[in-house]
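Given next are the chains, with one letter for each unit.
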Amino acid sequence: MAYYRCSGPRPVALPAPVRVAGTRWKIEETIQAGKGLAGLDEHKVRRHTPWPRWVTLAMLAHAFLAVIRADEHYEHPAPTGLIALTCNEIQRLFALPAVSPNGQRDHRLHWSLWRRRHQARARDCHYRRREATARRSTTADGV
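Notes on the structure follow. (Residues numbered from 1 in each chain as written. Predicted model: local features only at pLDDT ≥ 70, side-chain atom pairs only at ≥ 80, totals over all residues. Heavy atoms only, no water.)

## Quick look at the overall build of the protein chain
At step 1: Scanning the protein chain from N- to C-terminus turns up four helices and zero strands.
At step 2: Across the protein chain, helices and strands are ordered from the amino to the carboxyl terminus as α-α-α-α.
At step 3: Viewed in the frame of its principal axes, the protein chain has a C-alpha envelope of about 70 × 65 × 30 Å.
At step 4: Within the protein chain, the proportion of its 143 residues that are buried is 15%.
At step 5: Counting contacts in the protein chain only where the partners sit at least 6 residues apart, residues at least 24 apart contribute 44% of the total.
At step 6: Summing over all exposed atoms, the protein chain offers an accessible surface of approximately 12000 Å²; the carbon and sulfur share of this is 59%.
At step 7: Taking the 24 positively charged and 12 negatively charged side chains of the protein chain as two groups, their mean positions are separated by 6 Å. (Helix = DSSP H or I, 4+ residues; strand = E, 2+ residues; numbered from the N terminus. Buried < 20%, exposed > 50% of the residue type's maximum accessible area, 1.4 Å probe, protein only. Contact = heavy atoms within 4.5 Å. Areas by Shrake-Rupley, 256 points an atom, 1.4 Å probe, with all protein chains shown as cover. Lys, Arg positive; Asp, Glu negative; His and termini not counted. Charge placed at Lys NZ, Arg CZ, Asp CG, Glu CD.)

Structure, rendered in structure tokens:
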């Protein structure tokens, strides 16, 4: 069980504080993504001054990945059989060395396509199985 104590300058209806409490999870997910994608948790703090700079830089890098992902989804929807580009995949592609042997770069690009195709197949299989399980349970309940 979770309890929240809320106070404000004036009384509000119950849905408003419930909505605000629900946004906490969006914030938690964003911080977790920032840790994994942008290295938010990689800084060793010795003084207060560099800490806000590092957090700002890490959040800017995360926002950059999110904007590129959103733009990519809008401009170039994923072809059939591939999942859309994710922030993680974009970060992996940006990590490709700018000057690398062409074979290595091509290999990484093919690996990215394979991974996205495999994830799309896994997602489709998962949805089909979940749908079949739901159909079986509704027919068993109706008997």
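Here the narrative resumes.
## Some thoughts on the layout of surface pockets
At step 1: A volume near 220 Å³ is recorded for the largest pocket.
At step 2: Every residue lining the largest pocket is listed: Cys-6, Ser-7, Gly-8, Arg-10, Pro-11, Val-12, Ala-16, Pro-17, Val-20 and Ala-21.
At step 3: Residues of the lining of the largest pocket, tallied by class, amount to seven nonpolar, two polar and one charged. (1 Å grid on protein atoms, 1.4 Å probe; cavity = no way out; pocket = protein on both sides within 12 Å on 5 of 7 lines; lining within 4 Å. Points joined across faces, edges and corners; volume = space filled by probe spheres on them. Nonpolar A, V, L, I, M, F, W, Y, C, P; charged D, E, K, R; others polar.)

## Structural notes on the nonpolar core
At step 1: By size, the foremost hydrophobic cluster in this structure holds five residues: Leu-37, Leu-65, Leu-85, Cys-87 and Ile-90.
At step 2: Other than its neighbours up to four places away in sequence, Ile-90 contacts Leu-65, Ile-68, Arg-69 and Leu-85. (Core = buried A, V, L, I, M, F, W, Y, C linked by side-chain atoms within 4.5 Å.)

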